[in-house]
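# Remarks on the overall topology
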Amino acid sequence: MEHTFDDHYWNDIWTGDRAVAMSTSDPNPHLQRETRHLEPGTALDAGCGAGAEAIWLAGQGWTVTAADISPAALAFGQERAVAAGLAGQVEWLSADLSTWDPGTTYDLVTTHYAHPAMPQLEFYDRLAEWVAPGGTLLIVGHLHGHDSPDEASATAANITARFDSPGWEIVTAEESQRIVDGPGGHATVLHDVVVRAVRPA
């Protein structure tokens with residue numbers, strides 16, 4: 001089924017039956033692994049959902065802008081940040097990332113399974129523009145390309161090809177599987193693509 005991934009779609013998701021379970025998810029392990037060594041600065045969590053990653057980054061000392069198209073998702077995130085005692089370190093911003101311009105750059109730009117209302121690789125191009133000189137871009141996405149011809153470009157190789165220019169350093173480019181608890185407690189296999197790149201200083 002085709003989706004437009006617009007504000008109506010995502011608000012339906014974040015006010016639906018799965019919303020409460022989605023809002024209590026743990027921060028993404030790829031984020032924890034790939035950023036623990038970085039010096040905290042400013043960070044943008046693009047498509048933050050209920051804010052698990054944004055709150056984790058804030059807990060590590062980052063000053064975080066958490067942007068999402070769904071106000072319902074952001075409301076969950078704000079509640080979680082208050083409960084964690086980190087409300088002052090996260091700015092929650094309602095924005096359509098396919099058209100929004102932050103007007104600034106960040107030391108870290110990260111996204112986790114975001115599906116914007118635009119082609120996926122073009123979305124990653126937009127995120128790259130928001131990385132400050134010397135800063136880091138971390139993309140964690142659902143791996144496509146084996147059974148989904150329409151999304152054949154969302155692989156580690158084709159994402160990293162977007163950064164095949166002087167200065168960009170590809171630090172991580174991998175595809176992996178991990179098992180998580182899915183709906184009803186059933187095990188679900190996630191096929192992840194992880195790309196971390198550093199912008200030239």
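The structure displayed is predicted, hence computed values, not measured ones.

What follows concerns the overall build of the chain. Tallying secondary structure elements over the chain gives seven helices and seven strands in all. Scanning the chain from its N terminus toward the C terminus, one meets helices and strands in the order α-α-α-β-α-β-α-β-β-α-β-α-β-β. Burial statistics for the chain: of 201 residues in total, 47% are counted as buried. Of the contacts formed within the chain by residues at least 6 apart in sequence, a portion of 68% connects residues at least 24 apart.

Most of helix H6 (residues 120-129) is tucked away: seven of the 10 residues are buried. If you check which residues of H6 are buried, you get Gln120, Leu121, Phe123, Tyr124, Arg126, Leu127 and Ala128. Considering only its buried residues, H6 is in contact with strand E1 (42-46), strand E4 (106-112), strand E5 (131-142) and helix H7 (156-160).

The subject of this paragraph is the nonpolar core. Counting residues in hydrophobic clusters, the biggest one holds 27 residues, and the most contacted among them are Leu44, Val109, Phe123, Leu127, Trp130, Leu137 and Ile159. Only E1, E4, H6, E5, H7 and strand E7 (187-198) provide two or more residues apiece to this core. When residues in this core are grouped by element, the largest group, five residues, is from H6. Beyond its immediate chain neighbours, meaning those up to four positions away, valine 109 contacts Leu44, Leu127, Trp130, Val131, Thr136, Leu137 and Leu138.

Moving on, we come to the pairing of strand E3 (residues 90-94). Across five bridges, the pairing between strand E2 (residues 63-68) and E3 is parallel. Bridging from a neighbouring strand, valine 64 pairs with valine 90 of E3. In this fold, the crossover linking E2 to E3 by way of helix H5 (residues 71-83) has right-handed handedness.

Counted according to the given criterion, the structure contains four salt bridges. For the salt bridge of arginine 196 with glutamate 34, the shortest nitrogen-to-oxygen distance reads 2.5 Å. Here arginine 196 is found in strand E7, whereas its partner glutamate 34 is found in helix H3 (residues 29-35), with 162 residues between them in sequence. For the pair shown, arginine 196 and glutamate 34 are each scored as buried. In the salt-bridge network here, residues are joined through shared partners; they are Arg33, Glu34, Glu174 and Arg196.

This part takes up the pairing of E4. Across the seven residues of E4, six count as buried, placing the element largely inside the fold. With four bridges joining them, E1 and E4 adopt parallel strand pairing. The residue of E4 that forms the bridge with alanine 43 is leucine 108. Pairing analysis gives six bridges linking E4 to E5, with the strands arranged parallel. In the strand pairing of E5, tyrosine 106 is matched with valine 131.

Before going further, it helps to spend a moment on the confidence of the model for the chain. Per-residue pLDDT for the chain has a mean of 84; in total, 80% of the residues score no lower than 70. Scored below 50 in pLDDT, residues 146-152 shows eight contacts in the model against residues more than four places distant or in partner chains.

Positive phi values are uncommon outside glycine, yet tyrosine 113 reaches one of about 60°. When you line up the elements, tyrosine 113 lands in the loop between E4 and H6. For tyrosine 113, a relative accessible area of 19% corresponds to the buried category.

Turning our attention to H5. Look at H5: 19 Å from first C-alpha to last across 13 residues, which is about the 18 Å you get at 1.5 Å a residue. Among the residues of H5, those classed as buried are Ala72, Ala73, Leu74, Gly77 and Ala81. Looking one or two residues past H5, glycine 85 carries a phi angle of roughly 75°, positive in sign.

Each value, and the rule that gives it
Residues numbered from 1 in each chain as written. Predicted model: local features only at pLDDT ≥ 70, side-chain atom pairs only at ≥ 80, totals over all residues. Heavy atoms only, no water. Helix = DSSP H or I, 4+ residues; strand = E, 2+ residues; numbered from the N terminus. Buried < 20%, exposed > 50% of the residue type's maximum accessible area, 1.4 Å probe, protein only. Contact = heavy atoms within 4.5 Å. Core = buried A, V, L, I, M, F, W, Y, C linked by side-chain atoms within 4.5 Å. Pairing = 2+ DSSP bridges. Right-handed = clockwise from strand over helix to strand, strands pointing away. Salt bridge = Lys/Arg side-chain N within 4 Å of Asp/Glu carboxyl O. pLDDT = per-residue confidence, 0-100. Expected span 1.5 Å × (residues − 1).

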